[in-house]
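If you want the building blocks of each chain, they are given just below.
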Amino acid sequence: MATADEANTGNLVLIDGEVIEGISFGARTSIAGEVVFNTGMVGYPEALTDPSYSGQILVLTSPMIGNYGVPSDDVDEFGLSKHFEGTKIYISGLIVTDYSLEYSHWNAAKSLSQWLNEQNIPALYGIDTRKLTKKIREKGAILGKIQFGDEDIPFTDPNLTHLVREVSTKTVRVIAEGQSPRIIAFDCGMKLNIVRYFVHELKVCIIIVPYDYDLEKNPENIAYDGIFVSNGPGDPTLCQETISSMKWAINLESPKPIFGICLGNQILALACGAKTYKMKYGNRGMNQPCIDLRTTRCYITSQNHGFAVDNDSLPADWKPLFLNANDMSNEGIIHSSKPFFSAQFHPEANGGPFDTTFLFKDFVEMIKGNVAERVLVSPSLYERKVLRKVLLIGSGGLSIGQAGEFDYSGSQAIKALKEEGLEVILINPNIATVQTSKNMGRASADKVYFLPIQPHVVEEIIEKELPDGVLVSMGGQTALNVGIELWKRGVFEKYGCRVLGTPIETIIATEDREIFSRKLQEIDEKLAVSYSANNIEEAVHVAQKIGYPVLVRAAFALGGLGSGFADNESQLRELAQKAFAVSDQILIDQDLRGWKEIEYEVVRDSRDNCITVCNMENFDPLGVHTGDSIVVAPSQTLSNSEYFKLRAVSIKVIRSLGIVGECNIQYALNPHSEEYCIVEVNARLSRSSALASKATGYPLAYVATKLCLGRDLVSIRNSVTKTTTACFEPSLDYCIVKVPRWDLAKFNKVSTKLGSSMSSVGEVMAIGKTFEEAIQKAMRMVSGGALDGLEGNLPKGEDLDDMLSVPTDKRLQAVQYALQSGYTVDRIHELSKIDRWFLSRLKIVSDLKAKCEQVGSLVNLKTPLLKTMKRAGFSDRQIARYTRSSEGDIRQFRLKAGIVPFAKQIDTLAAEYPAQTNYLYMTYNGSESDVAYVESDQAHQHSALSARTLRSMHDRDVSLSQNPGPVMVLGCGAYSIGSSVEFDWCAVSAVRQLRAMGDKAIVVNYNPETVSTDYDESDKLYFEELTLERVLDIYESEKSVGVVVSVGGQIPNNLALPLSENGVRILGTSANSIDLAEDRHKFSQLLDRIKIDQPRWKELTTWDDAEAFASEVGYPVLVRPSFVLSGAAMSVASTPQELRNCLQNAEDVSPDKPVVISKFILNAKEIEFDAVAKDGQILNYAISEHVENAGVHSGDATLLLPAQKLYVQTVRTVKQIASQIAQALRISGPFNIQLLAKGNAVKVIECNLRASRTFPFISKTFDVNFITLATKVMMGHPCKPFNISLYDYDYVAVKAPMFSFTRLRGADPTLGVEMSSTGEVACFGRDVHEAFLQALLASNFKLPQLNAGKYILVSIAQERMRSEFMEAMDMLRQLGFQLVATPGTTEYYRNRGFSEIISLEKPGEANEDANTNTVLNWIHSKKIDLVINIPEGTTRHDEVTAGYLMRRAAVDFGVSLLTNIKCAILFAEAMHMRRDLECRSAEDYLATASVGW
């Protein structure tokens, strides 16, 4: 990326006087022409050589051009160019946003710049093509010129020139002599792919004649069977000679068949007596939807024309054949009785889709005298079964591989269903989701069942509710598997419940590898070589057949669960054994690591309209699960041929399978050819679907639901433009980069290698005009603000070549480190197999960093370099570091220079149509915003004066109602361990309440999985970073009245103080109070000051002080850094060495924040206090208790609400403490306090002045919305407390954690002070035991089965805990469970009357192969049904212990595991007290509440 002062510049001059400077990458030749745009995302070599563009300056809206270079001018056996559409470049000039100086493609012969220079064509980049497109859209095609230096040339209008005469052949040329039939083709500027298609695909002979060939006189005596009129440039009325020939031809008594394309359509219309007109700006792109008026089918077409046929002027015996579904313009004509027809679009495409090539075949068949078979549309397509009630099956708790994207899809589905007037029944135990909410001002389910998503439970609901339809495609693999099982059992048929959308048979076909392979063979498509196996020996045989290495996968599994690569038989057996633990069938696949991974999102309706909504390319080559790969949309390294070949295959496959709704198809593409194979099809909404929806603005889940109900794509409106149809394929004039979020550092012993099994817990999506702008944004997003951008990093002791070769969660930083260290792009590609184009763009970042560091200081920083760096995605903080200045200094410097970001719309059609959308992103690669702000001078909006003015608004006496500005709500950012869907629920609740009160709400968030980033939810959505820089940009541009930081978790909360210091009004609790609560040292001092008890603490200063304090209070101690979420780097130390390790970890997390150590209190009960306060006075609160004792992070704890075992005095003390803290901090809004209780002594652990993860749980349990109340408080509205009595409830709710240890290879599945759960579920029950068992089942815990020949393994390290578990052991024995134990545990219980316990050797204490009575052998052979393993203390050990091996084996082989003594006891009690678990909805429970008696 060159700076303007270092490169040759030129100007685009428009006839209205606007002059736009750009950087030259073509010939320095001044030219004039008509400025037009093309919205295609690939195909620039094809577009530039299209004769229809003759005389035009072409604006390509796709932001990065030149990526795959230019192919060679090879010719086929007929002398036709294989790759181009003409014999030269026909455009006059080229305008793009960004040009790729480096290209990468196996078929490239030269760069685009070299090609343009060779043919003397000027080209400019660095121009806001979106602004230009909007101008053309609004004013029509406009004259312009590209000029260099002082040269001034006149404007010329190519439409006044006979362009067809210039581009048409001058001689007659016969192609494929000897083939038949013979077609005479009038060359008005004919694209070569038309000729190629005729002679190669249809095997006909083409006689190409000039446009003015006199057909009546036929001077060359050409024998022909049919007439073809080609495409071409300009005004059709200038082609009088062609029109005359067509008039003669159509008036013959025995006419020859005639077919026209594009200009040929207009010429045929003029010949029959109709009229044409000049369109405002024409249709020029590859995604124009055209309806066949014979069948009502809609096709996606490629077009390039500025004139159209007037339908009203057609004679009586001529009819429109095709209609544009967007602007209703004519797209083809047909004679009612004679063999004449034409199409305005390009059936042969190139570039573009070739969905309508059947028109060529129809033409040839017409010539042969074969009357096209009249295909009647089946009446069943118009049958829409009347539905009354639909059951929607959700996805359950969030886990790795199945996260918040299904809350988004489920919420969209409910919206679509309610719009159709249907009653909606939902089963989903994930209580933190938006979809399980009611009375939030938007469409909601009529009944919600917080129950385990298991076949028998869903069957009970169907029997009770009698729905007549069920949706299984919106709840991930969980819903799909349940749907398949119920279908197999005949449950749906039994109750007359119809599966909506894709038939279950199709779902099974896509999930079963052998059936899927057969289906693909039927349509001549191939799957990656793959075989299924039903046992380990079959797997070994199959692997030998394929050849090592192979990929092992579990069938019917989500996110690659139970998969991995095996290099030999030993590894295969190990992987197969684990895979069989989660599935009855495993798949052995060919290893295609190193190939490109490409994905298409496909939508099909019941009338067989089929479109691809988004195509995506993985940054990482195949071998890394797509959920763990960086993903780029649209693809950047595919040529037009590759892009549309894979698109055509996608549509072919999905049609053949009969999928209705949305699905995705994944490919492996050979990086050295066009060879490909299909990896898989997901016949449901997936993680990629949510990403594609947010990337394009196309609401896939909403549209798919409508299609499942029988609606067709054409009748559904594009929700962004409001005027165009949903039967279209979005064009993107920006680049999307998805980066996964890993939290592997939280787990002990976990492998950081990435492979076929997904391990990321969340993801971010960044939007920019260039790849480097987007990926730098993404790195800031995914780190939660810890990183300033993309920086190189090599972990201590790691080998750089190994880091590049082996995919890990740190490989991207290693790539950047290698570039900064002098590695070449080729060397990195050789090691990583990452495409050279991506690496070359990363090198731009590396080179700019080096250049800025050479500058050394702000004084020496020049404006052009700063502007270039901002366009490449560098943050103010990054640049400040390189120039040894401050973020504030850089901000002021660039504002003074007028360097500001511009807001651009995500409008689905690259500005071709006006967009009524509030969906925005910000970029420095532009020159105007798509939205109008209060002031027109954007630079002025960013002035320091505005910050000072806004600072005065902190005064609480200023009424918010007097300020008409919008309210900004900061979202949660990436889902991570500790910040998940519960914070999205909080943000959505706040936004909906704001809008209900009449306030305008702006959401800032970057998580594509969330409901808050659905643009329907807010008045404006900025899909942007949650950084100080970007929030200030938006705040000042929007003239916001204030910012809500308390509903998005820790990331927004951390911004409170810096935002406040920059003049931003923080709504609710003050930033100073937030800082006081977040800073461990300050908060502890506050508690001391107001005389509230807390564990003894001390601020860390030196190692000696820390050791002295720990010795004084006695081990264990807790090390706690400030400003963290989910206990990041929080740990318990039981020895001086452990304390030293803890301090090092804490320093790594937050080196600029204080660290506090405190006495860790053993055997204490932990209590959660959630509340809303106003000006320090508590309005409503909830007290819940943990089942586990203190020492387990609250996010991993099992919560009971209402609390069941708290003393009255304890509750009274908790309320008094909370009231004191609320008053001391002047809290206005939501807050959470965590406390310890031992006896009646209560101590405070921490206070969060924001919504906590338990707010959805308490709100839905009590059937009130705490965030609604908090929002009223923060906005200064009158608010009345809810009527809540904590103990007047006839039910109990239990919230249980969801863990994903099966996906975290090697991680120790124990619980401690650092959070490790990935999600949560909650269930209701008549008592705590019923609710607890339901919650366990909902978290995928499998209950041990009696009389199944299996055992419960008990292994408890401490004698005190063995004693505590004694009664529970007796309950299990009374229930009839067979018990086994490790030696120490066996001896303890045998000595106390449990003589029947079988003793098993611990791992490491016996020869596993020789001795069958070992724990691991029994787990491996599936004799164990449940493992109860209670390790020592709360500390984590680095060594591999016997306990670790037992726990890990249980996880790897799908055996239920309990590691906490309190949970194990409650489990035994619940099993002992067990009665039939009731199938009751939340509404059933809430109706029985006896509040107010």
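Visitor: Sorry, what's going on with the overall build of the protein chain here?
Guide: For the protein chain, the helix and strand inventory stands at 47 helices and 59 strands. In terms of C-alpha radius of gyration, the protein chain reaches 34 Å, essentially the compact-globule figure of 35 Å for 1493 residues. Residues classed as buried in the protein chain amount to 67% of the 1493 residues present. Contacts in the protein chain between residues far apart in sequence, at least 24 positions, make up 74% of those at least 6 positions apart. Split by element, the accessible area of the protein chain, about 49600 Å² in all, is 48% carbon and sulfur. Of the side-chain charges in the protein chain, 152 are positive and 182 negative, and the distance between the mean point of each set is 3 Å.

Visitor: Before we go on, may I ask you to explain empty space enclosed by the protein in this structure?
Guide: A probe matching the size of a water molecule, rolled over the atoms, marks out where space remains unfilled. Applying the stated criterion across every chain yields a total of 17 cavities of 30 Å³ or more. Estimated volume of the second largest cavity: approximately 520 Å³. Contributing to the lining of the second largest cavity are 40 residues, with Arg1120, Met1130, Gln1234, Ile1245 and Glu1246 lying nearest its centre. For the lining of the second largest cavity, the elements supplying multiple residues, two or more each, are helix H34 (1080-1089), strand E45 (1117-1121), strand E47 (1155-1159), strand E48 (1165-1174), strand E51 (1229-1238) and strand E52 (1241-1248).

Visitor: Help me understand the sheet that holds strand E55 (residues 1351-1356), please; the structure alone is not making it clear to me.
Guide: Strand pairing in a sheet is mediated by backbone hydrogen bonds. Such pairs are either parallel or antiparallel. In spatial order, the strands read E57-E56-E55-E58-E59; together these 5 strands make up an open sheet with parallel pairing. Lying at the two open borders of the sheet, with one neighbouring strand each, are strand E57 (1398-1399) and strand E59 (1456-1458). Alignment of E55 against strand E58 (residues 1424-1430), held across 6 bridges, turns out to be parallel. Bridge pairing in E58 places valine 1354 opposite isoleucine 1428. On top of the sheet, helix H46 (residues 1461-1472) reaches E55, E58 and E59; it is set at about 140 degrees to E58, its chief contact.

Visitor: So what exactly am I meant to see when it comes to the sheet that holds strand E23 (residues 423-427) here?
Guide: The parallel open sheet is built from 5 strands, whose spatial order is E24-E23-E22-E25-E26. The open sheet has two edge strands with one neighbour each: strand E24 (447-449) and strand E26 (498-499). Sheet topology note: the strand E22 (residues 389-393)/strand E25 (residues 469-471) ladder contains 3 bridges and is parallel. Bridge pairing links leucine 391 to valine 470 in E25.

Visitor: Explain the environment of methionine 1369 here, please?
Guide: Counting through the fold element by element, methionine 1369 comes out in helix H42 (residues 1366-1374). Spatially, the C-alpha atom of methionine 1369 lies 9.7 Å from that of alanine 1464, the residues being 95 residues apart in sequence. Residues within four places of methionine 1369 in sequence aside, it is in contact with Val1354, Leu1379, Tyr1389, Phe1394 and Ile1397.

Visitor: Help me understand the pattern of salt bridges, please; the structure alone is not making it clear to me.
Guide: A side chain with one charge can pair with a side chain of the opposite charge if their charged atoms come near. For the structure shown, the criterion picks out 92 salt bridges. For arginine 196, the salt bridge goes to glutamate 85, with nearest N and O atoms at 2.7 Å. Highlighted residues: arginine 196 in helix H5 (residues 192-201) and glutamate 85 in the loop between strand E6 (70-71) and strand E7 (93-95), separated in sequence by 111 residues. Given a relative accessible area of 8%, arginine 196 falls into the buried group. Glutamate 85 sits in the buried class, given a relative accessible area of 0%.

Visitor: Hey, could you run me through the packing of aromatic side chains in this one?
Guide: Each pair of aromatic rings is reported with the distance of its centres and the angle of its planes. For the coordinates displayed, the defined rule picks out 45 aromatic pairs. Ring geometry for phenylalanine 619 and phenylalanine 771: centres 6.3 Å apart, planes at 15 degrees, overall stacked. In this pair, phenylalanine 619 sits in the loop between strand E32 (610-618) and strand E33 (631-633) while phenylalanine 771 sits in helix H20 (residues 771-782), placing the two residues 152 residues apart along the sequence. Per residue, the accessibility class of phenylalanine 619 equals that of phenylalanine 771, and both read buried. When the ring of tyrosine 698 is compared with that of phenylalanine 728, the centres are 5.5 Å apart and the planes differ by 45 degrees; the resulting orientation is tilted. Here phenylalanine 728 lies in the loop between helix H19 (700-708) and strand E36 (735-741) and tyrosine 698 lies in the loop between helix H18 (687-696) and H19, a separation of 30 residues in the sequence.

Visitor: How do you make sense of the confidence of the model for the protein chain when you look at a structure like this?
Guide: In regions of low pLDDT, the predicted coordinates are not meant to be interpreted in detail. Within the protein chain, residue pLDDT values average 90, and 93% of them lie at 70 or more. Low pLDDT, under 50, characterises residues 936-959; the stretch is placed with 48 contacts to residues that sit more than four places away or in other chains. Of the regions scoring below 50 in pLDDT, residues 1434-1438 engages in 16 contacts with residues more than four places distant in sequence or in other chains.

Visitor: Where do I start with the packing of H5 against helix H8 (residues 358-367) in this structure?
Guide: A pair of packed helices is characterised by two quantities: the angle between their axes and the separation of those axes. For the pair H5 and H8, interaxial distance at closest approach is 11 Å and the crossing angle is 55 degrees. One finds that H5 runs oblique with respect to H8. In this structure, H5 crosses over H8, and the sense of that crossing is right-handed. Between H5 and H8, the contacting residues are Ile194, Tyr197 and Phe198 on the first element and Phe360, Lys361, Phe363 and Val364 on the second.

Visitor: How should I be thinking about unusual backbone geometry in this particular structure?
Guide: Among all residues save glycine, negative phi is the norm, and among peptide bonds the norm is trans. Residue glycine 351 is bonded to the preceding asparagine 350 through a cis peptide linkage, with omega at 0 degrees. Within the secondary structure, glycine 351 sits in the loop between strand E21 (340-343) and H8. Residue proline 634 is bonded to the preceding alanine 633 through a cis peptide linkage, with omega at -10 degrees. By the secondary structure assignment, proline 634 is in the loop between E33 and helix H17 (640-657).

Visitor: What is the right way to read the environment of histidine 83 from this model?
Guide: Inspection of the secondary structure assignment puts histidine 83 in the loop between E6 and E7. Overall, histidine 83 belongs to the buried group, its relative accessible area being 19%. Placed 1157 residues apart in sequence, histidine 83 and asparagine 1240 show a C-alpha to C-alpha distance of 82 Å. Ignoring sequence-local partners within four residues, the contact set of histidine 83 consists of Glu46, Pro71, Ser72, Asn107 and Arg196.

Visitor: What am I meant to see in the nonpolar core here?
Guide: Most often, soluble globular proteins keep nonpolar side chains buried together rather than apart. Judged by nonpolar contacts, the single largest core of 295 residues is most densely connected at Leu94, Leu112 and Phe771. In terms of residue count, the dominant contributor to this core is H17 (8 residues). Sequence-distant contacts of leucine 112, defined by excluding residues within four places in its chain, comprise Phe25, Tyr44, Leu48, Ile65, Gly66, Val70, Leu94 and Tyr99.

Visitor: Would you mind going over the side chain of lysine 110 with me for this structure?
Guide: Within the secondary structure layout, lysine 110 lies in strand E9 (residues 108-110). In contact with lysine 110, other than residues within four places in its own chain, are Gly69, Val70, Tyr103, Trp115 and Glu118.

Visitor: Explanation requested: the pairing of strand E54 (residues 1319-1325) in the structure shown.
Guide: Here is the key point about a regular strand: its side chains alternate between the two faces of the sheet. Of all 7 residues in E54, 7 are buried; the element is thus mostly enclosed. Here E54 shows a buried face lined by Gly1319, Val1321, Cys1323 and Gly1325 and a second buried face lined by Glu1320, Ala1322 and Phe1324. For strand E53 (residues 1292-1298) and E54, the ladder comprises 7 bridges, and the chain directions are antiparallel. Paired with valine 1294 across the bridge in E54 is cysteine 1323.

Calculation criteria
Residues numbered from 1 in each chain as written. Predicted model: local features only at pLDDT ≥ 70, side-chain atom pairs only at ≥ 80, totals over all residues. Heavy atoms only, no water. Helix = DSSP H or I, 4+ residues; strand = E, 2+ residues; numbered from the N terminus. Rg over C-alpha atoms; globule rule 2.2 N^0.38 Å. Buried < 20%, exposed > 50% of the residue type's maximum accessible area, 1.4 Å probe, protein only. Contact = heavy atoms within 4.5 Å. Areas by Shrake-Rupley, 256 points an atom, 1.4 Å probe, with all protein chains shown as cover. Lys, Arg positive; Asp, Glu negative; His and termini not counted. Charge placed at Lys NZ, Arg CZ, Asp CG, Glu CD. 1 Å grid on protein atoms, 1.4 Å probe; cavity = no way out; pocket = protein on both sides within 12 Å on 5 of 7 lines; lining within 4 Å. Points joined across faces, edges and corners; volume = space filled by probe spheres on them. Pairing = 2+ DSSP bridges. Axes fitted to C-alpha atoms, helices over the stretch in contact; angles between N-to-C directions. Salt bridge = Lys/Arg side-chain N within 4 Å of Asp/Glu carboxyl O. Phe/Tyr/Trp six-rings, centres within 6.5 Å; stacked < 30°, edge-to-face > 60°. pLDDT = per-residue confidence, 0-100. Parallel < 35°, antiparallel > 145°, perpendicular 65-115°, else oblique. Left-handed = near helix turned anticlockwise from the far one by under 90°. Core = buried A, V, L, I, M, F, W, Y, C linked by side-chain atoms within 4.5 Å.

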